[in-house]
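# Report on the structure
So you can see what is in the structure, the chains are spelled out below.
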There are 8 protein chains.
Amino acid sequence: MTRDHLKTLLQDFKAGRIQDEDFLEALTITPFEMLGFATVDHHRALRQGFPEVIFCAGKTTQQVATIAETIVRQGHPLVATHASQRMYQAVKKKVSGAKYHRVARIITSGNPQSRRYQKVRGRIVVVSAGTSDIPVAEEAAITAEMMGNPVERLYDVGVAGIHRILSQSRKLRTASVVIVVAGMEGALPSVVGGLVGVPVIAVPTSIGYGASYRGLAALLAMLNSCAAGVLVVNVDNGFGAGYAASLINLPRV
Amino acid sequence: MTRDHLKTLLQDFKAGRIQDEDFLEALTITPFEMLGFATVDHHRALRQGFPEVIFCAGKTTQQVATIAETIVRQGHPLVATHASQRMYQAVKKKVSGAKYHRVARIITSGNPQSRRYQKVRGRIVVVSAGTSDIPVAEEAAITAEMMGNPVERLYDVGVAGIHRILSQSRKLRTASVVIVVAGMEGALPSVVGGLVGVPVIAVPTSIGYGASYRGLAALLAMLNSCAAGVLVVNVDNGFGAGYAASLINLPRV
Amino acid sequence: MTRDHLKTLLQDFKAGRIQDEDFLEALTITPFEMLGFATVDHHRALRQGFPEVIFCAGKTTQQVATIAETIVRQGHPLVATHASQRMYQAVKKKVSGAKYHRVARIITSGNPQSRRYQKVRGRIVVVSAGTSDIPVAEEAAITAEMMGNPVERLYDVGVAGIHRILSQSRKLRTASVVIVVAGMEGALPSVVGGLVGVPVIAVPTSIGYGASYRGLAALLAMLNSCAAGVLVVNVDNGFGAGYAASLINLPRV
Amino acid sequence: MTRDHLKTLLQDFKAGRIQDEDFLEALTITPFEMLGFATVDHHRALRQGFPEVIFCAGKTTQQVATIAETIVRQGHPLVATHASQRMYQAVKKKVSGAKYHRVARIITSGNPQSRRYQKVRGRIVVVSAGTSDIPVAEEAAITAEMMGNPVERLYDVGVAGIHRILSQSRKLRTASVVIVVAGMEGALPSVVGGLVGVPVIAVPTSIGYGASYRGLAALLAMLNSCAAGVLVVNVDNGFGAGYAASLINLPRV
Amino acid sequence: MTRDHLKTLLQDFKAGRIQDEDFLEALTITPFEMLGFATVDHHRALRQGFPEVIFCAGKTTQQVATIAETIVRQGHPLVATHASQRMYQAVKKKVSGAKYHRVARIITSGNPQSRRYQKVRGRIVVVSAGTSDIPVAEEAAITAEMMGNPVERLYDVGVAGIHRILSQSRKLRTASVVIVVAGMEGALPSVVGGLVGVPVIAVPTSIGYGASYRGLAALLAMLNSCAAGVLVVNVDNGFGAGYAASLINLPRV
Amino acid sequence: MTRDHLKTLLQDFKAGRIQDEDFLEALTITPFEMLGFATVDHHRALRQGFPEVIFCAGKTTQQVATIAETIVRQGHPLVATHASQRMYQAVKKKVSGAKYHRVARIITSGNPQSRRYQKVRGRIVVVSAGTSDIPVAEEAAITAEMMGNPVERLYDVGVAGIHRILSQSRKLRTASVVIVVAGMEGALPSVVGGLVGVPVIAVPTSIGYGASYRGLAALLAMLNSCAAGVLVVNVDNGFGAGYAASLINLPRV
Amino acid sequence: MTRDHLKTLLQDFKAGRIQDEDFLEALTITPFEMLGFATVDHHRALRQGFPEVIFCAGKTTQQVATIAETIVRQGHPLVATHASQRMYQAVKKKVSGAKYHRVARIITSGNPQSRRYQKVRGRIVVVSAGTSDIPVAEEAAITAEMMGNPVERLYDVGVAGIHRILSQSRKLRTASVVIVVAGMEGALPSVVGGLVGVPVIAVPTSIGYGASYRGLAALLAMLNSCAAGVLVVNVDNGFGAGYAASLINLPRV
Amino acid sequence: MTRDHLKTLLQDFKAGRIQDEDFLEALTITPFEMLGFATVDHHRALRQGFPEVIFCAGKTTQQVATIAETIVRQGHPLVATHASQRMYQAVKKKVSGAKYHRVARIITSGNPQSRRYQKVRGRIVVVSAGTSDIPVAEEAAITAEMMGNPVERLYDVGVAGIHRILSQSRKLRTASVVIVVAGMEGALPSVVGGLVGVPVIAVPTSIGYGASYRGLAALLAMLNSCAAGVLVVNVDNGFGAGYAASLINLPRV
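Reference entry: report on the structure contained in this document. (Residues numbered from 1 in each chain as written. Chains lettered and ligands numbered in written order. Predicted model: local features only at pLDDT ≥ 70, side-chain atom pairs only at ≥ 80, totals over all residues. Heavy atoms only, no water.)

Turning next to the overall build of chain A. Counting its secondary structure elements, chain A contains 11 helices and 9 strands. Per-residue burial for chain A yields a buried fraction of 62% across its 253 residues. Summarising the internal contacts of chain A: among those between residues at least 6 apart in sequence, 66% fall at separations of at least 24. Entry remark: accessible area of chain A is about 8,900 Å², with carbon and sulfur atoms responsible for 53%. (Helix = DSSP H or I, 4+ residues; strand = E, 2+ residues; numbered from the N terminus. Buried < 20%, exposed > 50% of the residue type's maximum accessible area, 1.4 Å probe, protein only. Contact = heavy atoms within 4.5 Å. Areas by Shrake-Rupley, 256 points an atom, 1.4 Å probe, with all protein chains shown as cover.)

Here it is, written out as structure tokens:
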């Protein structure tokens, strides 16, 4: 059902040419077709509070650049994850002022400060167990920053030298949300979860070798955390953690 | 190092019998022993905002009853998960007013309304895909209620009849957090995650047979959700979802 | 949005108290709430051509009996799978004429012949590799029969004695759909798939031991079938195979 | 037993040099040898209603070209899946008019309209959840088209924006078969399966990362679909889905 | 095609009512139907050199007894594996002289010495790593004995006390086949395989706990044996090992 | 080769009836047969420094009692793991003074103090993460005690309340070996491994549910520990940890 | 213990400088040292009836060439598996007459006919399901030929066109051993196993995609074969199958 | 809390400006911050007896060189594992005298003999099953040597030629620790564990193919070893084995 058909239906109904029950029936049988006139993007922004994010993996450089241009032209901030240097080159030509975050492999554009998201509840702390986990941690941090959150980073504070994380416990306890990124045995979220009374989002990474099975060991460890309040996202999914942390950090009226 | 040793050390330091550097050194070498005087329970309440919860599985009926009594005597609310009917009988003798939630298999005591947790940000909605998922959903719901949250339940609204969940989208969008409990293919959190702009906690259940592999299918589906903002807990971990949702629902000052 | 709210909205619109665009907007933002007045069961019958089937596992005897009674009272045929003997006793008291298929563990009521499903395209052949696979095969066969299909059974014709299935190739080739039920190495669907030019639905069973891993070996074999046209359902899911075969066997106008 | 031996046997029998029982015995002991004179291709076309399809993976460019030529020379339509650009170059030299479908990686030749397959029952709808799933979806679509079916494509309609698929529900309900292609959490077939009363073939893809385990998450989700009537093929097996859908869409007399 | 149809076809052909090519065509299109007159059992005995063995798991006591009686009545030796004590009681009533091998859980009847299988090539040695592996080892040993082979047992000679197996190396080297049964780490077949120049059949058992995963550890170890000539059967499949060893031990003319 | 044959060979050689090279050859070809005269038990005691330990699982009560009696009669200390209460009753009748350790499910007899094992290098500390892990921890502790080691227990000091283990760091650092027993996410060995400069033996337990997969999560975590010096044994293998710790704690001259 | 030490020991013993018991004791304590003088290669040839085979994977080109030269210089036939073209170039310079089997990736040298292995019991038949399985099948075939066996090849006779293998059943039944090589669903060994009364060695290959999991599907299928007498080797282990088949085909005196 | 803050706190306390209880409270709430003044490296050296080891994988060449320079400048020995040739070139420019161990892929600097680690208890023996396992074995050996241990290597002594390891049993029995490195079926540690009375550290390697699943087969085998006293590290973790062996070999006073 196109918008035109819908309009005709409405007119007919208003003019009394269709009965109440028949009109209801028509809507029941084809309840969703009427959405066709709303573009996906706008609907998403309304529905979820943040416009579409481009997941670049599996897209061509050209596709990324075109979608990026469209999003920016509509006045939305741009976040493109899993982006290569070459994709950035293509985007930069169409979106002046686009920035490339090399470690996180994210392209961004727009000023987070100017947005309604700045009325957040507090600070998001992003913790990484090792230096190799930093790319995933940065993906989370930059996503959260682009959604208007102040972010504090605590990197390379894994459990093998436990005092490193313990010495930061005050920062952790006063955060709004803590994102903990760890590979190998994935033990850090349990330690952090035991130190704080705020939500902890655990991100397993594929860092490790042998029986780490590309992040499976860390993933299972995090799912089985003995600390209550630990929530888990997919292996290497820094974006998802940053996005969810931002939702948690939004104020509810 | 007991509290007595610590006190002696302090006196010696204050009296100038120990040098600054030596005192620091002593603290450095044995930094954690001084925590011995804080009981685990109290420390946890301070640190995490909610006292200890009893995980009854693997404990004897007698152990459960004794711990329950201790928690209640200290003025804390009681939450005991994975509790059998028999454990409840034993607890009831020591804790007058204890209640048993048969479906959720939880023993509780204490009045959620009387607690500081009532100053929460909003409503927690607990959704279940099928009727068989209700016990896990109830574990989440009652945990959240005991932590002072208003909880709304939407049960048996799985994706095979998609209009069931769609017709509830307003309730979902206005929640503070949504907990989605689903077994089998675990598709419901993705649908809900696409409808709302609030954090979604996905709880896979072991409901299913054959290639559900006791919840593995649902767990993997939820971890791979194409909807941003979906956070996952362990299979059948209703308690963890309710606890984390409560942390999210707490106001940050 | 309840039906009442919807009706008010309609009246307001018809009376000109709401503008076209505002009315559209209201429908856009809450597009699915209006479905609330349709009961799940009826909607399903309209949408999918067969009323709800009761999956008894994880339901109480009382629940099964009540749902069964409701379905029959609405004039629908009854199919309840994974049903115990005791459930049957309870159903029989409420649904006179209910039958129990012990091997398939299915309760049925109603006459398949009297239904519009009898205008099917052809015969469904159900094949089992071993005698131990028969319960799953029967679940498929009875489901298909209850949906109005003529069903032919070929049991215990596994590949270790290949002439057993080869000698039946004419029957297989003239079927409308062939359902092949096999455990252990799950090789039979590939052989059948190579013999016929009709759709083959493969049902792995959990029959086997050791490295059969409760049907995983058979499931993987069937998914990797070198015969084109083999479709797979979950381990032990005889019902799903019978249901899908019935859909295939329905005439399209 | 070669064809010559067989002919001798026949002559001896007809001439009465061999008794009925001895002739039967001979056929029983060596029942299959007589098939040696039938080429595999012809037999397959008779048996299954469609000539051999070339699975190019693991074959040399030369082999692919030679087989393609043979098939076309016999008057059969050509379908070669998993074909590289280079293979196409080689085939084109031997088969004039061969076409290369770059996204689907299929080489075809021949006019589907001119074939007896055009007397199909209805339309096959191919749905993809994301844009990354399109290559597999195209493999299914082109296979079905080459087998004489009208195909309708609905791409990028995944569950995270549920209205996208809902707004197409009429198209889905009126199809003869629906093929649903999805990676990541593989939830789309369940949603589609709940909307329609026609057979749904679910194709998991290897799209995703981390705990998608190269399509395993989607595969398990589809096998555990709570919607009855969902049938599953191997990960990335677009061809298999298109082939099976064509068999379903064939009329039975 | 029944035997009657076949006979008519033959008569028509002999009488010249059917042409050579048409007769061939008929046989080509329905090549296997003519086997219908041979009973499965007899065919198997002819084809494989040993009559059917009853796999009792998943069969009722009554079914086992009936099949056992039929086999014995046809003059065949009886071997029924995975048989319970109760099944034996039922069989004994119908087959006088039936014996029950309690450890191996096998029912047998008939005298191996009286059979043509006694012309074997040599001795089969059955080795077990631990005492817990003996039931599976016995299943292999008794199967081999019932098929007419002399069997020598070497039990509890696992690798943790390596001299136990080394001191038996002469016996191993002079065997016709060696069956090695082991659970836990499944290392014994590799050691034996390195000591001898005869075929080694490795049988993993489900003995072990934790990361033995019910025989998976042993199974993988055996499949990866660095000793050439090690062949593997399913976990706990003593029967399969004994059967295959017997085939190896048969003389070829 | 029996001892008698060996003696004859020796006599022949000494008497010059066999040449040097022939004698060497004989030994080369049958190098291990000469060990036949040493009983397994004695050899093990010589070879490994501790007599045989009875693994009771899969043995009958009678077998356990008989082996226990034999070991004690030879003057060895008795350690029988995985022993039931009933096995203990049977052993007690034959071995006066046998003790049953109910939690660890171990039967022991003999005085560890009276043995040469008491000259150990230091103290073994056994740590458990939770109370549910205590049975496995006790199996380790009692095994180590029976092998003559002083053992210190630190139970219920898991990472969710990190100060519990930190406050014990001095005890851990001064141990000879630390055994860490943990289920669920298995994070504790990494924390302990980072605190100490002594060998750490990690024992995963099957404590947990859902995605703990009966100890797999903990096992993988321990194998991937970021703390150097962590060694792992099988899931629930307290005995193995206690035994290996004892070997480490033995002095080398 | 070097050979010199051993000789001294022998002299001392013969000269009466060591008592019988002391000599025995010395041999008991150090029973295996005396083997030091035998090179591994010679011992293996004696022990197992065929000299060392070079597994080239993980070896440098130089190492392969050197070992090949040594083996040939000692008069042994050369078999080097998993060999690259470049390795062959290097070997050819040192071993004149070396041949490279490109498909099987094997280097050989020496004349199988001239060896004692030619007194084999019969013919080895190597069967492959698809053309992609041929490299593994050739590895098996050439290994068997080099060990002196007559080999017959039946390639591309998979179960999807069942008459292809059935028409060869006589050849299969009269073989000494049948090796069946198959990827994807691995069904062929079950069909062959049901047709013959000789040992069947099943070789799973890594041919396939998606849920074939690099040969796991085929491996599991073969281990669960419902046909008795099927023995399995590692995925892609053509060499192992050819080697074991050769051992089976050796005559026992 | 920085060191400055801590000092102020101390002064305030000593001067009586803070009460005992308040000072304790301050320490309790932020117990670990005071460790901030100790650099990680020094603390680690104190805590664990060996300075930081560089794990080069996932680090840039520049990062490796800089960290190496810092470690050496502080007077520590240098061990950098998983190092490429290029990393070595970069390190050599900053650390004169750095050595590259090509097979083990380790960069070292410093003289093990000059260190307090030389007072070790005995000799560490490193055993490898095959030649392909040598890189991992060398990683273990060089790590142990750099920590001041005498190391003896026994390479290519796998179980398929069992006399190779048996002939070395005296060397094994007199070691302080034995490290056993093996891929494929991982059987060697069980054999060694049965021969000696000293701790055995088993290192699975990813050597193998097919069902070795990159070391999983060997890992599972080692975890299930029937020989008591076998301890396991991660797949290919030679460093971890060498490190742990060194800890075991340290004398305890």
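Residue and element names in this part refer to chain H. Pairing is mixed across the open sheet formed by 4 strands, whose spatial order is β1-β2-β4-β3. Two strands close off the open sheet at either side, each with one partner strand: β1 (54-55) and β3 (99-101). Of the pairings in the sheet, the one linking strand β2 (residues 78-81) to strand β4 (residues 106-109) comprises 3 bridges and is antiparallel in character. Along β4, the bridge assignment pairs Val 79 with Thr 108. (Pairing = 2+ DSSP bridges.)

Rotating chain B by 180 degrees and translating it 0.0 Å along the rotation axis places it on chain D, where the RMSD comes to 0.1 Å. Taken together, the rotation and translation describe the operation of a two-fold axis. Closest approach to the rotation axis within chain B is made by the C-alpha atom of Ala187(B), at a distance of 2.4 Å. The share of interface residues of chain B whose copies in chain D are also at the interface is 100%, consistent with both copies meeting through the same surface. (Least-squares fit on C-alpha atoms with pLDDT ≥ 70 in both.)

For the match of chain D to chain C, the screw axis carries a shift of 0.1 Å, the RMSD comes to 0.2 Å, and the turn is 180 degrees. With an isologous cut-off of 70% or more, the 97% of interface residues of chain D that recur at the interface of chain C puts this contact in the isologous class.

Okay, the interface of chain B and chain D next. The interface of chain B with chain D comprises 24 residues on the first partner and 24 residues on the second. Of all residues in chain B, the largest losses of buried area upon contact with chain D belong to Ala160(B), Glu185(B) and Asn224(B), amounting jointly to 30% of the total for that side. Taken together, chain B and chain D are joined by 0 salt bridges. If you look at where chain B meets chain D, you find 8 residue pairs in polar contact (both at pLDDT 80 or more). (Buried area = accessible area lost by both parts, 1.4 Å probe. Salt bridge = Lys/Arg side-chain N within 4 Å of Asp/Glu carboxyl O. Polar contact = N/O pair within 3.5 Å; in protein donor to acceptor, adjacent residues only side chain to side chain.)

Per the stated rule, a full pass over the model turns up 0 disulfides over all chains. Free of any disulfide, Cys226(D) has its nearest neighbouring cysteine sulfur in Cys226(B), separated by 16 Å. Here Cys226(D) falls in the partly exposed class, since its relative accessible area comes to 31%. (Disulfide = S-S within 2.5 Å.)

Attention now goes to the interface of chain D and chain C. Often, the extent of an interface is quoted as the loss of accessible area on bringing the components together. Taken residue by residue, the interface counts 36 residues in chain D and 35 residues in chain C. Of the roughly 3,000 Å² buried at the junction of chain D and chain C (both faces included), carbon and sulfur atoms supply 59%. Our count for the contact surface shared by chain D and chain C stands at 0 salt bridges. At the level of secondary structure, the elements contributing two or more residues to the side of chain D that touches chain C comprise α3 (40-48), α7 (163-166), α9 (188-195), α10 (216-223), β9 (230-232) and α11 (238-249) of chain D. Split by residue class, the side of chain D that touches chain C holds 22 nonpolar, 9 polar and 5 charged. (Nonpolar A, V, L, I, M, F, W, Y, C, P; charged D, E, K, R; others polar.)

Residues other than glycine seldom take positive phi values, yet Asp236(A) does so here, at roughly 70 degrees. Located in the positive-phi region is Met184(C), a residue other than glycine, with phi close to 50 degrees. One can find Met184(C) in the loop between β7 (177-182) and α9 (188-195). Classification of Met184(C) as partly exposed rests on a relative accessible area of 30%.

Structurally, Ser190(G) is set in helix α9 (residues 188-195). Side chain to side chain, Ser190(G) and Ser225(G) meet in a polar contact 2.9 Å long. Excluding residues within four positions of it along the chain, Ser190(G) makes contact with Val159(C), Ala160(C), Glu185(C), Ser225(G), Cys226(G) and Ala227(G).

What follows is about the sheet that holds strand β2 (residues 78-81) of chain E. Residue and element names in this part refer to chain E. Read across the sheet, 4 strands follow the order β1-β2-β4-β3 without closing on themselves; strand pairing throughout is mixed. The strands lining the two open edges of the sheet, one partner per strand, are β1 (54-55) and β3 (99-101). As paired strands, β3 and strand β4 (residues 106-109) are joined by 3 bridges and run antiparallel to one another. Across the sheet, residue Lys 99 finds its bridge partner in β4, namely Thr 108.

Most of α9(C) sits inside the fold, with 8 of its 8 residues counted as buried. By the burial criterion, the buried members of α9(C) are Leu188(C), Pro189(C), Ser190(C), Val191(C), Val192(C), Gly193(C), Gly194(C) and Leu195(C).

The subject of this paragraph is the pairing of β2(H). Residues and elements named next belong to chain H. Neither face of β2 is exposed, since Leu 78 and Ala 80 on one face and Val 79 and Thr 81 on the opposite face are all buried. Where β1 and β2 come together, 2 bridges link them in parallel fashion. The residue of β2 that forms the bridge with Ile 54 is Ala 80.

On inspection of all chains with the given rule, the structure shows 24 aromatic pairs over all chains. Ring centres 6.0 Å apart and planes at 25 degrees place the aromatic pair Tyr209(E) and Phe55(F) in the stacked group. Here Phe55(F) lies in strand β1 (residues 54-55) and Tyr209(E) lies in the loop between β8 (200-204) and α10 (216-223), a pairing that spans two chains. Taking relative accessible area as the criterion, Phe55(F) reaches 34% and is therefore assigned partly exposed. With a centroid separation of 5.3 Å and 20 degrees between ring planes, the pair formed by Tyr88(F) and Tyr100(F) is classed as stacked. Residue Tyr88(F) is located in helix α5 (residues 85-94), and its partner Tyr100(F) is located in strand β3 (residues 99-101); the two are separated by 12 residues in the primary sequence. In terms of burial, Tyr88(F) and Tyr100(F) fall into one category: buried. (Phe/Tyr/Trp six-rings, centres within 6.5 Å; stacked < 30°, edge-to-face > 60°.)

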